[in-house]
There are 2 protein chains.
Amino acid sequence: MTKIVIIGGVAGGASAAARARRLSENAQIVMFERGPFVSFANCGLPYHIGGEIKERNKLLLQTPESFLARFNVDVRVMSNITAINREAKTVTVHNLIDGSEYQESYDFLLLSPGANPIVPPIPGVDNPLTHSLRNIPDMDKILEVIALNKPEHATVVGGGFIGLEMMEAFHRLGIRTTLLEMADQVMAPVDREMAGFAHAEIRSKGVDLKLGVALQGVEFVANEHVTALDAGENTAHQHLEGQLHLTLSNGETLTTELLIMAIGVRPETTLAKAAGLRIGELGGIWTNTAMQTSDPAIYAVGDAIEEPDFITGNPTIVPLAGPANRQGRMAADNMLGRHETYQGTQGTAICKIFDLAVAATGKNEKQLKRAQIAYEKVYVHTASHASYYPGAELVSFKLMFEPHTGKILGAQAVGKDGVDKRIDIIAVAQRAGMTVEQLQHLELTYAPPYGSAKDVINQAAFVATNLMKGDAKAIHFDEIDHLSSDQVLLDVRNPGELKNGYIEGAINIPVDQLRQRINELPKEKEIVIYCQVGLRGNVAYRQLVNHGFRARNLLGGYRTYAFAKA
Amino acid sequence: MTKIVIIGGVAGGASAAARARRLSENAQIVMFERGPFVSFANCGLPYHIGGEIKERNKLLLQTPESFLARFNVDVRVMSNITAINREAKTVTVHNLIDGSEYQESYDFLLLSPGANPIVPPIPGVDNPLTHSLRNIPDMDKILEVIALNKPEHATVVGGGFIGLEMMEAFHRLGIRTTLLEMADQVMAPVDREMAGFAHAEIRSKGVDLKLGVALQGVEFVANEHVTALDAGENTAHQHLEGQLHLTLSNGETLTTELLIMAIGVRPETTLAKAAGLRIGELGGIWTNTAMQTSDPAIYAVGDAIEEPDFITGNPTIVPLAGPANRQGRMAADNMLGRHETYQGTQGTAICKIFDLAVAATGKNEKQLKRAQIAYEKVYVHTASHASYYPGAELVSFKLMFEPHTGKILGAQAVGKDGVDKRIDIIAVAQRAGMTVEQLQHLELTYAPPYGSAKDVINQAAFVATNLMKGDAKAIHFDEIDHLSSDQVLLDVRNPGELKNGYIEGAINIPVDQLRQRINELPKEKEIVIYCQVGLRGNVAYRQLVNHGFRARNLLGGYRTYAFAKA
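Conventions adopted
- Residues numbered from 1 in each chain as written.
- Chains lettered and ligands numbered in written order.
- Predicted model: local features only at pLDDT ≥ 70, side-chain atom pairs only at ≥ 80, totals over all residues.
- Heavy atoms only, no water.
- Pairing = 2+ DSSP bridges.
- Helix = DSSP H or I, 4+ residues; strand = E, 2+ residues; numbered from the N terminus.
- Axes fitted to C-alpha atoms, helices over the stretch in contact; angles between N-to-C directions.
- Contact = heavy atoms within 4.5 Å.
- Right-handed = clockwise from strand over helix to strand, strands pointing away.
- Domains from an automatic or database assignment.
- Buried area = accessible area lost by both parts, 1.4 Å probe.
- Phe/Tyr/Trp six-rings, centres within 6.5 Å; stacked < 30°, edge-to-face > 60°.
- Buried < 20%, exposed > 50% of the residue type's maximum accessible area, 1.4 Å probe, protein only.
- Lys NZ or Arg CZ within 6 Å of the ring centre and 35° of its normal.

Engineer: What am I meant to see in the sheet that holds strand S24 (residues 394-401) of chain B here?
Structural biologist: The strands making up a sheet associate through backbone hydrogen bonding, with each pair oriented either parallel or antiparallel. Residues and elements named next belong to chain B. Strand order in the open sheet made by the 5 strands is S21-S22-S25-S24-S23, with antiparallel pairing throughout. On the outer flanks of this sheet lie strand S21 (349-353) and strand S23 (376-383), each paired with one strand and no other. Put simply, the sheet's adjacent strands are angled 10° from each other on average, direction ignored. Strands S23 and S24 of the sheet are contacted by helix H13 (residues 456-468), whose axis makes an angle of about 145° with S23.

Engineer: Quick question: what am I supposed to make of the pairing of strand S12 (residues 208-211) of chain B here?
Structural biologist: Residues and elements named next belong to chain B. Two strands pair when backbone bridges link them, and strand S11 (residues 176-181) and S12 are joined in this way by 4 bridges, in the parallel orientation. Within S12, the position partnered with Glu 181 by the bridge is Leu 211. On the question of chirality, the crossover connecting S11 to the parallel S12 by way of helix H6 (residues 192-204) is right-handed.

Engineer: What's the story with the domain arrangement of chain A in this structure? I'm lost.
Structural biologist: Where interface size is quoted, it is often the accessible area lost as the parts come together. Residues and elements named next belong to chain A. When the domains of chain A are assigned, the result is domain 1 (3-42 + 51-114 + 265-335), domain 2 (130-261), domain 3 (355-468) and domain 4 (474-563). With centres defined by C-alpha atoms, the gap from domain 1 to domain 2 works out at 31 Å. Between domain 1 and domain 2, the residue contacts involve 12 residues of the former and 8 residues of the latter. Across the interface of domain 1 and domain 2, roughly 860 Å² is buried in total on both sides, 64% from carbon and sulfur atoms.

Engineer: Can you help me understand the packing of aromatic side chains in this one?
Structural biologist: To describe a pair of aromatic rings, one takes the distance between the centres and the angle between the planes. According to the stated counting rule, one finds 14 aromatic pairs over all chains in the structure shown. Considering the side-chain rings of A:Phe197 and A:Phe563, the 4.4 Å spacing of their centres and the 20° angle between planes classify their relative orientation as stacked. Here A:Phe197, found in helix H6 (residues 192-204), pairs with A:Phe563, found in helix H16 (residues 557-563); they are 366 residues apart in sequence, far enough to count as distant. Taking the relative accessible area as the measure of exposure, A:Phe563 reaches 24% and is therefore partly exposed. Ring geometry for B:Tyr379 against B:Phe477: centres 6.0 Å apart, planes inclined by 85°, an arrangement best described as edge-to-face. Placement of the pair is B:Tyr379 in strand S23 and B:Phe477 in the loop between strand S26 (474-475) and strand S27 (487-491), with a sequence separation of 98 residues. Accessibility assignment for this pair places B:Tyr379 and B:Phe477 in one class, buried. Chaining the aromatic ring pairs together yields one cluster made of A:Tyr530, A:Tyr558 and A:Tyr561. Across the ring face of A:Tyr558, the terminal group of A:Arg493 is positioned such that the distance to the ring centre comes to 4.8 Å.

In structure tokens form, the structure reads like this:
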């Protein structure tokens, strides 16, 4: 009888427990969780705070009782593991309820301890109005501050998933919000110019977004208020009441009533380190592709580990629920004699930012530059479904690929409709090893309410293949402000479109007049063409080149150029 | 200078014209269209009738003038080609406006004539209240009947895309509707049991759906009504006013005020046949993968041709806009010296049926059986996104694959949210040659508003892989009513769920009580397990098998079983 001990009862741990039981009725399975809850919906926490998910109960996917009944798993919550004793194959368990301590033996141990919020050592950050959000008790504390203090202003530090979701939650609650982000963009998985769409959306909702600004100091000033117990006030209130005075790196100060630290998370490796397990170069627990640590009896999964990047094969840390769940299932398989191997992580991710979805898969341009991987890129902005059918929204899409092979390196998309679908399509195509040339042939669902006869993906593939075949020559948004005297800028949009913005110094000849007016252009110079999204620019480009001009077309057109500055 | 003549100015023809011009500024391009419009949105016609697309103008994507201005294409509408003179390399053009006739020469000819609605020779079907819907004049005629006669009841014959869309259009307009379908299901691309969801949806909206019923006779009874011209009535009205008496194959009769024939379409091959071009075995114009007909100077694309099926390589006819557009682009490439090859058609398709989307890609089970291709199949019903986040809807999903290799053969999905996405994912995976085993590892976008950590696709892949590895043994919905005396039916749902339906003769032991009550089951019999969607059934299956029972699990659970009968 195999005995499996699992440390951590959320995504990876819970998946492993259920899978192990399905494989073996005889295995003894014990799952320890430090907190009071197992298998809760941690991705749902911000949405319960914001009120979209009304019932707190909905976040509790399983209970120790339901796990026992369905899977015969011995779940022990409020149980902190203080040591792994590899020689003895036991763990030391500290019962947080009665303070007792005991040893539990294992044949196989699974580490699924997750990650911890990074809270930098900013003076004053440890105060009753500053919280991270990682689990249900964290959520409850934030809800308590909101219920008792009724804050009118909140500040979120960090523009990642949790930070953005908390920003939106506060906005929904009618709490004015400041979002501080040290980098020059939110949503790090996408590149700066794609994040511009998010910045515009965030500001349009009235959120005070401060980019390139760090939090440097926090001062808690308690209110002088004595709890009126007989008026029904809670004593907790007294302790919580007050303001925070924030000092920012740009010299500003800010008064706020609730502060969320959402800078990021760091793999929880305390136990693994103490047990002498190998730690990877990025600071996560090292595993092989069977999810085995340097001790063959100990497996590790989820946010605590390093995993191979699908594109580069190098270690990466991707603290997301999808990989954690699949890794947990796979670890159970392998503990019970199967031979499953983890196929690498693409880092597919999506975030709702008010009415926008922002999503990515594979490598972004920042990562490709850092890794010195040669790439080419295209931008398209195309309707999510037939533009003549109601509800169509632009999908702004970026695709990166190897210049000569056309191998897909990564993609990003932003828009109000159909963003998840387009990134999923690329996530599948990339995993399958497809090239951009092959993406041209994809045969996707089309009816006016759902897509277009030439989908966003087909169109991006056409543009990419044109580049690869020399049928198009690109210029990108960040080169437009630095044209040489050998270049002339040509705006081929209709004059009526220019009132919403244009690029300084451009000649305007609408594409449909270009044949007649082609002699207005200087044949000795390179013509840098742009239109609104790049499509008419390509028509103009082909015309000019076929007439013997040198030319380039701004991929993604004025739209990419303009939002890159947002 | 290459001269390209194109017959047919909609999807394939228009795509070819635009692409040809982008490749060559010198080519002479002449595009003929029999009707008054080019490049109109034929997929949008039912939605304009139903009022979702308010402006008729939105359906006119390009005009002859815009085509000339942007692409320097000589568009000649109202021009019927009456002959192809292959020796002389000319076509004979009949000008439908002035009746004149002339020859136009070509270097390359592109046939993009489309398909014609099939109208069977039913007595009386040729009357002023019976219409097909294929182009803008057809649409205008239907709109005229609606405007003048204000029908209270309409009948649609045929449950394919156009028939279903017209049914919905009438329903939106408050016109009571009967839908007649000769087969036992609507939406032929999916299998009967998946169409059951559509049948339930259609009937829930009050549409009178008659399956297995054909139209046998039509009688037009004109109203005795003299147009009151001075009251502003149109003379057209007098001609149109009346009822239709329909005779049906089931002996019923039906009085209706507007009849739409939407049985299907047939490739338009008149010209091709007269010119002696090779016609394929299914009756479409034959082409090679370069889109070339048996005459190397003549190309053909779109609804008029046969094309290779992506799975079998056999000829197929798939009259859909996506393939037509891509084939047109490719034909232009090849006429101008490129070497593009068409990669086959999967038949990816989707239809909106009221609040449902019904979609498919690859082969369906009916086709696999006919082609005698060995297959295995799985069903899952899983939330379109995290079930705790508002707006989640069940996606009912069917996946077919080769039993030993796991190669994807086809997929179908039905639901109110995320159906297009799931079928697109499979369309990509199938085109890339992925197996169901590989689908397990797909890393798709996940945040609560968009997906689940284990997506519908991952879950279907888990079930399929379990079958392949022998970790699961399936029984299907159509076997349940024919169990042998060696089998016992076990319902593992909670008693409260049974009030919405159960299968006669089942023992009920909730999955969470199964370990305690396992001795209530006869060890010598095969236990046929079912739950609501198949998930708890699998947990029970593993438990029973690991306890030494023989068992099978109903894939897709009670939900598949129940809707298969709808």
